[in-house]
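These are the residues of each chain, in order.
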Amino acid sequence: MSSQAGGPATELPFIPFAAPDIGEAEIDAVVEALRSGWLTTGPAAAAFEREFAAYLLGMGPGTGIGTAPVTVPGTGAAVHAVALNSATAGLHLALEASGIGPGDEVIVPTWTFTATAEVVRYLGADPIIVDVDPDTLNLDLDGARAAITARTRAIIPVHFGGLPLDRTALGVLADAHELAVIEDAAHCFPAMSAGVPVGLGDSAAVVFSFYATKTMTTGEGGMVVTADPALAQRVKTMRLHGISRDVFDRYSAPGASWAYEVVAPGYKYNLTDPAAAMGRVQLARAAQMRDRRAAIAQRYDAALADLPVRRPAGADSAGTTHAWHLYVLRLEVDAPMSRDAFIAAMAAEYGIGCSVHFIPLHRHPYWRDRYALARERFPQAEAAFAGAVSLPLSSALTDAQVDRVIAATRGLLAS
Ligand SMILES: *Cc1c(COP(=O)(O)O)cnc(C)c1O
């Protein structure tokens, strides 16, 4: 059916699904961090936190990220960015700092990575898994409202693929039911939502991921951003064994360097300086990398428009932008092959890696069995899952590689 367009895979280098975009500047920064002698959390991590907060506050017109003016509620309020060794750690500590515990319920979408829900179980609470909006694949707010009980304490929306969920509507729902909002923004840096950078706003905390495949990376890493100084302080304490001062403070602040106090049974979630050094360079490149991904998404949109596929929703409301972490096609039921056959053929015939985001939570044995989740309760996620495939999307893709992805997709799906 298809090998003419891309040629046999063996003749061309494989295009990985998610190539990290790491250049000499990142490599130099990591080497410099290693030479500095600070291998654990130190000055680079502190600088990364300051720069990340400043970046969010500076987003808006003229930065290439937003087009609408930045309207930060309570302008002037400090924004706290706390670096961690993963977004999973960030979600865990943000929930912990929000007081979530046994008996509580936390609403999460089924269309996400298991980390979004597992952190709720870490605390002995129960995730209430809800279906998604068929257009955006973000949490369905009507479904969320219907799932609220007297035990519901928090809600974790996921800005799927980098498209922000409607945070205004979310805020109304959360306020009405006194729910803490912890945004899972693992896909969503940098982006604007209704004129406000994702990271700022009314939520208790917003959590970003710097995992190797995400929109910027430290290899492994994450950031909790909050306007609440008490929440920030609790996350800082719990990321390092429940110790009241972090290592850097301990050795740089006046007073006895050996003295510290344990105030809680904390975790080991701190970000290392070599990782933070990489993050500082990636942060400086974040807008440019985002623009490259957006340009690739535009090319996919234009080149695949006539195929039997549903293309991903764009950012079409005022002041909202897309971070373009993922480009998820949905094969229509009349497509010439199944999603599974498409992914296999892309790899075998064209040497192109595709993936699936996500296998919905309710299909995984742990979540399905623990909460008796029947597929029928998730009709939108089920319909989406049947056809969903993520095409390669990375700022490291060359135009020639994008051409190959387009030619291969057309070779398999055009009639
Ligand atoms: C990657 C991801 C996470 C976890 O991020 P880590 O930094 O790997 O812990 C959480 N939620 C979603 C939606 C993700 O895609």
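Only a predicted model underlies this, so the values are computations on that prediction, with no experimental measurement involved.

## Things to note about the site of the ligand
Link 1 in the chain: Near the ligand, the surroundings consist of 16 residues, among which T88, D184, H187, S209 and K214 are the closest.
Link 2 in the chain: Contact distances for the ligand include 2.9 Å between an oxygen atom and a backbone N or O atom of A87.
Link 3 in the chain: Within the side chain of H187, a nitrogen or oxygen atom sits 2.7 Å from an oxygen atom of the ligand.
Link 4 in the chain: A majority-of-atoms criterion places the ligand in the largest pocket.
Link 5 in the chain: Put simply, the parts of the chain that give the shell around the ligand at least two residues each are α4 (87-97) and α5 (115-122).
Link 6 in the chain: When the residues that make up the shell around the ligand are grouped by side-chain class, the tally is seven nonpolar, seven polar and two charged.

## Digging into the confidence of the model for the protein chain
Link 1 in the chain: Taken residue by residue, the protein chain gives an average pLDDT of 93. The fraction at 70 or more is 93%.
Link 2 in the chain: Scored below 50 in pLDDT, residues 1-6 makes 15 contacts in the model with residues more than four places away or belonging to other chains.
Link 3 in the chain: Within the model, the stretch residues 62-76 combines pLDDT values under 50 with 33 contacts to residues more than four positions away or in other chains.

## Some remarks on the pairing of strand β3 (residues 126-130)
Link 1 in the chain: By the criterion of burial, β3 is predominantly enclosed, with four of the five residues buried.
Link 2 in the chain: Relative to β3, strand β2 (residues 105-109) runs parallel, the two sharing five bridges. Following the sheet pairing, V108 is matched in β3 by I129.
Link 3 in the chain: In this region the chain leaves β2, passes through α5 and returns to the parallel neighbour β3; the handedness of that crossover is right-handed.

## Some words on the nonpolar core
Link 1 in the chain: Among the nonpolar cores identified, the biggest contains 48 residues, and L95, V106, W111, I156 and I182 are the most heavily contacted of them.
Link 2 in the chain: At the level of secondary structure, the elements contributing two or more residues to this core comprise β1 (80-84), α4, β2, α5, β5 (180-184), β8 (205-209), α8 (229-238) and α14 (379-387).
Link 3 in the chain: Ranked by the residues each element gives to this core, the list is headed by α4, at six residues.
Link 4 in the chain: In this structure, W111 is in contact with V132, L137, F160, H357, F358, P360, A381, A384, F385 and A388, ignoring residues within four places of it in sequence.
Link 5 in the chain: Counting residues in hydrophobic clusters, the runner-up holds 33 residues, among them A83, A185, M192 and L283.

## Details of the packing of aromatic side chains
Link 1 in the chain: Per the stated rule, a full pass over the model turns up 14 aromatic pairs.
Link 2 in the chain: Taking the centre distance of 6.2 Å and the plane angle of 75 degrees together, the rings of F48 and F52 count as edge-to-face. With F48 and F52 both in helix α3 (residues 43-58) and four residues apart, the pair spans about one turn of that helix.
Link 3 in the chain: For F52, a relative accessible area of 0% corresponds to the buried category.
Link 4 in the chain: Ring centres 5.7 Å apart and planes at 65 degrees place the aromatic pair F52 and F210 in the edge-to-face group.

## Thoughts on empty space enclosed by the protein
Link 1 in the chain: Applying the stated criterion across every chain, the model contains two cavities of 30 Å³ or more.
Link 2 in the chain: Of the volumes computed, that of the largest cavity is approximately 140 Å³.
Link 3 in the chain: Taken together, 18 residues make up the lining of the largest cavity; nearest its centre are A19, T213, K214, T215 and S394.
Link 4 in the chain: Per-class residue counts for the lining of the largest cavity are eight nonpolar, seven polar and three charged.
Link 5 in the chain: When residues of the lining of the largest cavity are assigned to domains, at least three map to each of domain 1 (24-284) and domain 2 (286-413).
Link 6 in the chain: Taken together, 13 residues line the second largest cavity, and the ones lying closest to its centre are T136, F160, P312, A313 and V328.
Link 7 in the chain: Shared between two domains, the lining of the second largest cavity holds at least three residues of each, these being domain 1 (24-284) and domain 2 (286-413).

## So, the pairing of strand β12 (residues 388-391)
Link 1 in the chain: Of the two faces of β12, the one carrying A388 and S390 and the one carrying V389 and L391 are both buried.
Link 2 in the chain: In this structure, strand β11 (residues 327-331) lies alongside β12, joined through four bridges in antiparallel fashion. By the bridge assignment for β12, Y327 is matched with L391.

## Regarding the packing of α4 against α8
Link 1 in the chain: At a closest axis distance of 9 Å, the pairing of α4 and α8 adopts a crossing angle of 125 degrees. One element, α4, and the other, α8, form an angle in the oblique class. In this structure, the crossing between α4 and α8 has a hand that is right-handed. For the pair formed by α4 and α8, the contact residues are L93, A94, E96 and A97 on the first element and L231, R234, V235 and M238 on the second.

## Focus: the domain arrangement of the protein chain
Link 1 in the chain: Looking at the assigned domains, one finds that the protein chain contains domain 1 (24-284) and domain 2 (286-413).
Link 2 in the chain: Computed over C-alpha atoms only, the centres of domain 1 and domain 2 are separated by 25 Å.
Link 3 in the chain: In total, domain 1 and domain 2 occlude about 3,300 Å² of area from one another, counting both sides; carbon and sulfur atoms represent 61% of this.
Link 4 in the chain: Three residues, W111, I129 and D131, lead the burial of domain 1 against domain 2; their summed loss comes to 18% of the area buried on that side.
Link 5 in the chain: On the surface where domain 1 and domain 2 come into contact, there are two salt bridges.
Link 6 in the chain: One salt bridge connects D126 with R370, and the closest N-O pair in it is separated by 4.0 Å.
Link 7 in the chain: Where domain 1 meets domain 2, there are 21 residue pairs in polar contact (both at pLDDT 80 or more).
Link 8 in the chain: At the level of secondary structure, the elements contributing two or more residues to the side of domain 1 that touches domain 2 comprise β2, α5, β3, β6 (192-193) and α10 (273-284).
Link 9 in the chain: Looking at side-chain class alone, the side of domain 1 that touches domain 2 contains 27 nonpolar, 15 polar and six charged residues.

## A closer look at the sheet that holds strand β4 (residues 152-155)
Link 1 in the chain: Read across the open sheet, the seven strands follow the order β1-β9-β8-β5-β4-β2-β3; overall the sheet is mixed. Two strands lie at the open edges of the sheet, namely β1 and β3, each paired on one side alone. Sheet twist, expressed as the average angle between the axes of neighbouring strands with direction ignored, equals 25 degrees.
Link 2 in the chain: With two bridges connecting them, β4 and β5 associate as parallel partners. Looking at the pairing, I155 lines up with V181 of β5.

Calculation criteria
Residues numbered from 1 in each chain as written. Predicted model: local features only at pLDDT ≥ 70, side-chain atom pairs only at ≥ 80, totals over all residues. Heavy atoms only, no water. Near = heavy atom within 4 Å. Polar contact = N/O pair within 3.5 Å; in protein donor to acceptor, adjacent residues only side chain to side chain. 1 Å grid on protein atoms, 1.4 Å probe; cavity = no way out; pocket = protein on both sides within 12 Å on 5 of 7 lines; lining within 4 Å. Sits in = over half its atoms within 2 Å of the grid points. Helix = DSSP H or I, 4+ residues; strand = E, 2+ residues; numbered from the N terminus. Nonpolar A, V, L, I, M, F, W, Y, C, P; charged D, E, K, R; others polar. pLDDT = per-residue confidence, 0-100. Contact = heavy atoms within 4.5 Å. Buried < 20%, exposed > 50% of the residue type's maximum accessible area, 1.4 Å probe, protein only. Pairing = 2+ DSSP bridges. Right-handed = clockwise from strand over helix to strand, strands pointing away. Core = buried A, V, L, I, M, F, W, Y, C linked by side-chain atoms within 4.5 Å. Phe/Tyr/Trp six-rings, centres within 6.5 Å; stacked < 30°, edge-to-face > 60°. Points joined across faces, edges and corners; volume = space filled by probe spheres on them. Domains from an automatic or database assignment. Axes fitted to C-alpha atoms, helices over the stretch in contact; angles between N-to-C directions. Parallel < 35°, antiparallel > 145°, perpendicular 65-115°, else oblique. Left-handed = near helix turned anticlockwise from the far one by under 90°. Buried area = accessible area lost by both parts, 1.4 Å probe. Salt bridge = Lys/Arg side-chain N within 4 Å of Asp/Glu carboxyl O.

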